[in-house]
Amino acid sequence: MNEELILYGKNNPHVVPQLEVWGFPISLYLFLGGMAAGILFFTSLFYLLKKDKTMPVPYTRATYIAIAALIIGTIALLFDLHKILNTWRLYTHFDLQAPMSWGAWTLLAIIPLAILWGVPYKFSFINEYKWKNRFETNVAIFRKPIAVLLIITSVILGVYTGMLLSAFVARPLWNSNFLPILFLLSGLSSGIAVIIWLNRNSLERNIFRRIDIWLIIFELSLLIVYAIDLFSGSEAQVSAIRQLAGGEFAFLFWMMVIFVGLVIPAVFEWRELRGAKIPTYVAPVLILIGGLAFRMIIVQAGQLI
Amino acid sequence: MRYAMAIDTRKCVGCGDCVVACQEQYDIPAGYCRSWIAEQVKGKYPNVSMEMRSERCNHCADAPCVVCCPTDSSHISEGGIVLTDPDLCIGCGACIESCPYDARYFDPVNGNATKCTFCHERVAGGKLPACVEVCPTYCMFFGDLDDPNAEITKLLRERDYKTLKPEMGTEPHIFYLS
Amino acid sequence: MKTNRRDFLKISGLGLGGILASRDIAQTAASTVDELFPGKKRIPTYCEVCFWKCAAWVKWNKKGELCKIVGNESDPLCKGRLCPRGTAGLGMYSDPDRLKTPLIRSYTRKGQYYREASWPEAIDYIASRTRKIINESGAESLALFSHGSGGKHFTRFLRALGSGNYTAPSYAQCRGPRDVAFKATYGTPLPSPEPLDIKNTNCLVLIGSHLGENMHNSQVQEMSQLIDRGVDIITVDPRLSTAAAHSTMWLPIKPATDLALLLAWMNVIIEEGLYDRNYIENYCFGFEDLQTHLEDKTPEWAASITNLDPEKIRKAARMMAQAAPSVIVHPGRHVTWYGDDTQRSRAIAILNALLGSYGRKGGIFIPQAAKIPSYPHPAYPKPKWDWKQTLNGRYSLAHLSVSNALIDASHPDNATDNKIRGWFIVGTNLIHTVPDIPRTIEALQNQDLVVVVDTMPAEITGYADVVLPECTYLERYDDLRASPYREATVAVRTPALKPKWLTKPAYWMVKKLAYKFGLQPYFNYSDYDDVLSWQANQMGISYTELVEKGMLKVPNPSNLYFDPVDQPTFNTATGMIELYSFAFEDEGFDPLPDYTEHPEPPDGYFRLNYGRAPMHTFSRTGNNHFLYDLYPESPVWVNPEVAENLGLRNGDRVILENSEGVSSEFSAKVRVTNRIGPDSVYMVHGFGHSDPRMKKTYAKGISDTQLMTNVMIDPVMGGTGMRGNFVKIRKKSREGLFS
């Protein structure tokens, strides 16, 4: 039997006995960021595919949700900083190796882009001012480049939410190349959930449901790969993934992430495609709950080992 | 210059004097520590062995906390000492998450991420770090690895040693002599 | 007349803040050094956190703020490096829970409480009660229990009054058996610090000593040098102690069987002719008797008792003999275990003699102490009786007062005419010190006056009629330190800080008290540096230089080792080292140590082994914020097999219950570890404080003393064997992951 313990000293709160430096605000930020990335990705993609006339929802209300999510997520992130007054220091440096740095810059880019993207819809209720019309016209000219930029930045944002964690070699549960892709997929799926939820057009909903089912299948397969990868790794990696597979977080993980967040909504969406009558909001809500739970569990469990 | 510390695990009794000296030197708030004692027990009674180690920031040559810092607050200073610049620190916690040794914490007074500094000011003034200076078993050695005549260089030449969590690839500057 | 029964007062009562606020002395800020001592950057003291008394400096930083305590480089006891407790000394000074004003127990219809009092009031109160006791039954009815420097002043006070009943638990609860054994063998007890030539030895045997967990500074430092030199260290301990882990050989002995191992070692050394023939011939008496006595004490015999491998026993004995005479079988310090402790210590003393280590380089050296002249005072009156007369011939070899004998003399069941009626308790928390707490409390309740002098609101202060707040060692003068060691030295303690609140040094208290009894001539100083400078002058050293350097060396009174030319003399009946002790024989004790079997724990019970943590001194440092942070409470060590049987996991909280049905008041966390065997549990002494006025350490951990109700008295000198109780483990709760 081997026993290794910190005998004394190092009783720093939030570090020992368990690291809990990052909590709910970070999980919320990762979730909202991923969701916003998902929405913005599809809205720009469908615009470029010239579906904006036939499928209007992604460009109107979903965009507002994305903007709101980005702002709330950023606020959560800011309030998690212990020296919020020093935040501006993020923008006197750019460090490609530090995910936190390029994440901050991505946020700085994507929020104005999203607002610009939302301008034609957002301000449609006030159109009596000349300046506004001129502004909208100008924005409209740049719609295509904005869409291209949004696709790029939203993919970066989606990957970044996972990369922020996966860059930490010290935390075996996080330190996996699969985590950024998992977070991106989960973010896209969450984005779609919002779009489906807000959509009254069943044809449009079904298109997104089909995409979502494929995303979920892809995400589930990747989760298996992620787990196998960790299980075949070092002692620390094994005990890290064991927390999710059969340990302390197993119930939450299987229940909230696998079933509530992935399997059940996929089944529901598939049934809905087959014409079953299920309230529209059920699958999206489950997906969103699952997405948030996934971030929370990964953030929490990742700090324990 | 490459400052490093060597700790003789054959001699360390884990008394914690290094911990107290550090707290006193830097007036660290009650309940916080920059150094600590680890104990490792192997085997089954009565075939047991035990090792005690005085641990702290490893001042890694390839320090993850420096890499992940978004504002360059965490940096490698003169002599390879890893320090944080409070003016730049935003308190994001990335460095705390990144440290395989859990050496960092948020200072409850000013919110800075902080840790062992190898007593860089004392060292610059020609003194030993506070922990080394008090150690009653003389099990701690501090010096410059680039100086071939330094005691620490000699010890590392002559004795077996290990670093903590070498698999992390951080290249620690604290060596445990066995 | 008996006073009302004393309730244990846990709160410091009404009127809090009145006295403090009115005088505007509650401010706690330490003055800068420039204000206190213009032109100085460091003030000499010697540490009082434990009994080693390392010379130290209180230092200020460049800003003139009080900064830290560091060892005095020229002090042989610390060589400039203090242990964690010494380094944390400032925590004692800055502790917000310290006693702040004198307190007087007051009675109302609603109950009892402590009233804050002024010094004149408190002194008057003590004087009038003391006078009453003296008038009714003589000054001999007063007893003093003390520990540390403050106690010496009160000892003088008691002696001036005419009582010889002053005692310290450091004898009968700690070192006594060892000192009696060495006195019987070599004619002189071992002093503190023990004169062990560890740095020069070639083999160190630790049996009942866990250097490294006890931070006896110079010994720990010198053991470290041995490790560097690759010298053999043999550690006998049922537990893988820190020292055991650093040793070349660890003998995981079955608890309570040490004496069998010691006898077998001697058997091997004699049978194989490994003993020091010249040494035995020249200095020792009774070798033939010893030889006969040990004939059947073979390693095989011992192996069956100690659960050790007989070949390993032989090997250890040969290792010692090979290094002899540069070998030390460590005599230990806290040796009151099983009631046969004087005999076990005798075996250690004899073993050292067989190896010829006493008086030899690398063995036990002749301690060199400076002689401090006593400050002029009239002769102390001769008491009509003292603790010896209360014993009826028991504990006949005790050469110092036996604290538990004085408790007996204070107890209602004392049928003799020699009764103790008033207690002064200075710097010792008897509740965590003397086993069988209920008996101590019964004796306390039987007193007409209980005065407690302390810096902290330790449990004992809750039983007092008057509590006097002593200032810490950083705020006062004390006697010159003349610790015996390789070099005779004198160290000085001067106040580095102004006493906080209304706290006062003990020498000030006794002077005030003495005045009430017209005993001023015994305390003829204005401030205590009068005494110190007079003593320095008498010794021919400059007091200014002493304060400047903190510590001075003086000429050694004798050689450090036996002179090959001059025959050493021993203060025994035969004038030789008595392997066969006439003193023991005369008093009816075994003249040669013999193994006695001790009871085994019944099913479901475990031996309670207790020890020390390097950052705590007894129970007195628990509330020091540095040391509390480091080690807030002791876990209970449990062997993994035991843990599995009992369904215990790391971090579970457990209650211990002893074989007499006494349960620990508080709980402790379990540590499941292979460092201990399945027959015992282990914890560090000094936790489980029940006085909530010590806010940090209150209710943290288990008090081992509370569980010691079956005291195994050593008939030779009255030592209280503290390992007579067995405990069972009861799970209280499972700690959550995040706690």
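Residues numbered from 1 in each chain as written. Chains lettered and ligands numbered in written order. Predicted model: local features only at pLDDT ≥ 70, side-chain atom pairs only at ≥ 80, totals over all residues. Heavy atoms only, no water.

*Asks:* Explain the sheet that holds strand β12 (residues 327–329) of chain C residue by residue, including any values.
*Replies:* Residues and elements named next belong to chain C. Spatial ordering of the open sheet is given by β10-β9-β8-β12, a layout of four strands whose pairing is parallel. The open sheet has two edge strands with one neighbour each: β10 (249–251) and β12. Within this sheet the neighbouring strands show an average axis-to-axis angle of 10°, counted without direction. Bridge count for strand β8 (residues 203–207) against β12 is three bridges, and the pairing is parallel. (Pairing = 2+ DSSP bridges. Helix = DSSP H or I, 4+ residues; strand = E, 2+ residues; numbered from the N terminus. Axes fitted to C-alpha atoms, helices over the stretch in contact; angles between N-to-C directions.)

*Asks:* Help me get a handle on the environment of Val670 of chain C, residues and values and all.
*Replies:* Residue and element names in this part refer to chain C. Along the chain, Val670 turns up in strand β22 (residues 668–672). In this structure the C-alpha to C-alpha distance between Val670 and Gly332, which are 338 residues apart in sequence, comes to 28 Å. Apart from residues no more than four positions distant in its own chain, Val670 is found in contact with Val636, Val638, Leu648, Arg649, Asn650, Gly651, Asp652 and Val654. (Contact = heavy atoms within 4.5 Å.)

*Asks:* Give a description of the sheet that holds strand β10 (residues 174–177) of chain B that names residues and reports values.
*Replies:* Residues and elements named next belong to chain B. With mixed pairing, four strands are arranged side by side in an open sheet as β8-β1-β10-β9. The strands lining the two open edges of the sheet, one partner per strand, are β8 (140–144) and β9 (161–162). Pairing analysis gives four bridges linking strand β1 (residues 3–8) to β10, with the strands arranged parallel. Within β10, the residue paired with Ile7 across the bridge is Tyr176.

*Asks:* Residues and numbers for the interface of chain C and chain A, please.
*Replies:* Interface size is commonly expressed as the accessible surface area that is lost when the partners come together. Between chain C and chain A, the residue contacts involve 13 residues of the former and 13 residues of the latter. The junction of chain C with chain A conceals about 1,000 Å² of combined surface from both sides, 54% of it contributed by carbon and sulfur atoms. With a shortest N-O distance of 2.8 Å, Arg671 of chain C and Glu3 of chain A are connected by a salt bridge. At the boundary of chain C with chain A, the tally comes to three residue pairs in polar contact (both at pLDDT 80 or more). Taken together, the elements giving at least two residues each to the side of chain C that touches chain A come down to α22 (625–630) and β22 of chain C. (Buried area = accessible area lost by both parts, 1.4 Å probe. Salt bridge = Lys/Arg side-chain N within 4 Å of Asp/Glu carboxyl O. Polar contact = N/O pair within 3.5 Å; in protein donor to acceptor, adjacent residues only side chain to side chain.)

*Asks:* Requested: an account of the domain arrangement of chain C, with residues and values cited.
*Replies:* All names here are of chain C. When cut into domains, chain C gives domain 1 (196–365 + 562–586) and domain 2 (606–733). When each unit is reduced to the centre of its C-alpha atoms, the spacing between domain 1 and domain 2 is 29 Å. The interface is formed by 22 residues belonging to domain 1 together with 25 residues belonging to domain 2. Buried area between domain 1 and domain 2, summed over both chains or domains, comes out near 1,800 Å², and the portion from carbon and sulfur atoms is 55%. The interface formed by domain 1 and domain 2 holds one salt bridge in total. Here Arg675 makes a salt bridge to Glu213, at a shortest N to O gap of 3.9 Å. At the boundary of domain 1 with domain 2, the tally comes to seven residue pairs in polar contact (both at pLDDT 80 or more). Tallied by class, residues from the side of domain 1 that touches domain 2 come to eight nonpolar, nine polar and five charged. (Domains from an automatic or database assignment. Nonpolar A, V, L, I, M, F, W, Y, C, P; charged D, E, K, R; others polar.)

*Asks:* Lay out the packing of aromatic side chains with the relevant residues and their values.
*Replies:* Residues and elements named next belong to chain C. Under the counting rule described, the total for this entry stands at 52 aromatic pairs over all chains. Judged by centre distance (6.4 Å) and plane angle (15°), the rings of Tyr279 and Phe562 are stacked. In this pair, Tyr279 is assigned in helix α11 (residues 277–283) and Phe562 in the loop between β17 (551–553) and β18 (577–578), connecting sequence segments 283 residues apart. In this structure Tyr279 comes out as buried when scored by relative accessible area, which is 1%. Aromatic pair Trp337 and Tyr338: ring centres 6.3 Å apart, planes at 90°, arrangement edge-to-face. Note on accessibility: Trp337 and Tyr338 belong to one class, buried. Among the aromatic side chains, those forming a connected cluster through ring pairs are Phe182, Tyr186, Tyr279, Tyr283, Tyr358, Phe562 and Phe570. Cation over ring: Arg344 sits above Trp337, and NZ or CZ is 3.8 Å from the ring centre. The side chain of Arg723 reaches across the aromatic face of Trp337, ending 4.9 Å from its centre. (Phe/Tyr/Trp six-rings, centres within 6.5 Å; stacked < 30°, edge-to-face > 60°. Buried < 20%, exposed > 50% of the residue type's maximum accessible area, 1.4 Å probe, protein only. Lys NZ or Arg CZ within 6 Å of the ring centre and 35° of its normal.)

*Asks:* Describe the interface of chain A and chain B, naming the residues involved and giving the relevant values.
*Replies:* Contact residues are listed per partner, giving 37 residues for chain A and 47 residues for chain B. Summed over both sides, the interface of chain A with chain B buries roughly 3,600 Å², with 55% coming from carbon and sulfur. Among the residues chain A hides against chain B, the three largest losses belong to Tyr8, Lys10 and Lys83 of chain A. Together they make up 16% of the total. Taken together, the connections running from chain A to chain B amount to 21 residue pairs in polar contact (both at pLDDT 80 or more). Those elements giving two or more residues to the side of chain A that touches chain B turn out to be β1 (2–9) and α3 (99–122) of chain A. At eight residues, β1 of chain A tops the list of elements feeding residues into the side of chain A that touches chain B. Taken together, the residues of the side of chain A that touches chain B sort by class into 18 nonpolar, eleven polar and eight charged. Inspection of the sheet shows β1 of chain A paired to strand β2 (residues 35–44) of chain B by seven bridges, in the antiparallel sense. Looking across to β2 of chain B, one finds that Asn2 of chain A is bridged to Lys42 of chain B.

*Asks:* Which residues make up unusual backbone geometry, and what are the values?
*Replies:* All names here are of chain C. For the bond from Ser192 to Pro193, the omega torsion is -5°, close enough to zero to count as cis. By secondary structure assignment, the location of Pro193 is in the loop between α7 (169–186) and β8. Although it is not a glycine, Lys79 sits at a positive phi angle of roughly 50°. Assignment of secondary structure puts Lys79 in the loop between β3 (66–71) and α3 (84–87). Since its relative accessible area comes to 24%, Lys79 is described here as partly exposed. One non-glycine residue, Ala256, lies in positive phi territory at about 75°. Relative to the helices and strands, Ala256 resides in the loop between β10 and α10 (258–271).

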